Amino acid sequence: MKILIFENEIQGIKESFDDVNHLDFNGELVFEYYEKSQTFTRFDSLNEYHMAFIDIDLSTNSEKDGYAIINDFINNYDYKTIVVMTGHEVKDKLKIKGWGYLKVLEKPIFLDELKSLIDIYFEESTTS
């Protein structure tokens, strides 16, 4: 299962993703991390990814924040597999934008919550 992750502080979340991968998914998950929106140039290959985790507050070095990336992805990607990562409350802002259906993973990341989100799509990806 291939997972796309936009996060400007990769070291702050990498351990959580690696732990869940090894403890719960036997190392079967493959993560691709991007710190800035402009470093991801594979929009024609979005269907290769089973999930996308997108941090709302990307660094000032990123041309786009998480909202702009979500906006780009929403029409070209299965929105049901997008998870918004954030260190603060964003559910109201997502609703205002019409994206209240997106799942949210709050930071700091708890392994059981991360596992539950990945579980939703892991079964589908291994049977298709």
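That block above? That's the structure.
**Student:** Describe the sheet that holds strand S1 (residues 2-6), and please don't skip the residues or the numbers.
**Tutor:** Spatially, S2-S1-S3-S4-S5 is the arrangement adopted by the 5 strands of the open sheet, whose pairing is parallel. Strands with a single pairing partner mark the edges of an open sheet, and in this sheet they are strand S2 (30-34) and strand S5 (103-106). Adjacent strand axes in the sheet meet at a mean angle of 20°, parallel and antiparallel pairs treated alike. With 5 bridges joining them, S1 and S2 adopt parallel strand pairing. Bridged to Lys2 within S2 is Val30. Of the strands in this sheet, S1, S2, strand S3 (51-55) and strand S4 (82-86) touch helix H1 (residues 10-24), which is tilted by about 170° from S2. Sitting on the sheet, helix H2 (residues 66-74) is in contact with S1, S3 and S4, with an inclination near 150° to S3.

**Student:** Explain the side chain of Glu32 to me, and be specific about the residues and the numbers.
**Tutor:** Locating Glu32 in the fold gives a position in strand S2. Within polar-contact distance, the side chain of Glu32 engages the side chain of Tyr34 at 2.9 Å.

**Student:** Please set out a negative patch on the surface residue by residue, giving values where relevant.
**Tutor:** Among the surface-exposed residues, Glu89, Asp92, Glu106, Asp112 and Glu113 lie close enough to one another that they form a single negatively charged patch. What makes Asp92 exposed here is its relative accessible area of 53%.

**Student:** Can you break down the environment of Phe40 residue by residue, with the values?
**Tutor:** With respect to the helices and strands, the residue Phe40 is situated in the loop between S2 and S3. Using a relative accessible area of 2% as the deciding quantity, one classes Phe40 as buried. Sequence separation of Phe40 and Asp119 is 79 residues, and the distance between their C-alpha atoms is 25 Å. Sequence-distant contacts of Phe40, defined by excluding residues within four places in its chain, comprise Leu4, Phe6, Tyr34, Leu46, Tyr49 and Phe73.

The rules behind these values
- Residues numbered from 1 in each chain as written.
- Predicted model: local features only at pLDDT ≥ 70, side-chain atom pairs only at ≥ 80, totals over all residues.
- Heavy atoms only, no water.
- Pairing = 2+ DSSP bridges.
- Helix = DSSP H or I, 4+ residues; strand = E, 2+ residues; numbered from the N terminus.
- Axes fitted to C-alpha atoms, helices over the stretch in contact; angles between N-to-C directions.
- Contact = heavy atoms within 4.5 Å.
- Polar contact = N/O pair within 3.5 Å; in protein donor to acceptor, adjacent residues only side chain to side chain.
- Patch = residues over 30% accessible without salt bridge, like charges linked within 9 Å, V, L, I, M, F, W, Y side chains within 5 Å.
- Areas by Shrake-Rupley, 256 points an atom, 1.4 Å probe, with all protein chains shown as cover.
- Salt bridge = Lys/Arg side-chain N within 4 Å of Asp/Glu carboxyl O.
- Lys, Arg positive; Asp, Glu negative; His and termini not counted.
- Charge placed at Lys NZ, Arg CZ, Asp CG, Glu CD.
- Buried < 20%, exposed > 50% of the residue type's maximum accessible area, 1.4 Å probe, protein only.

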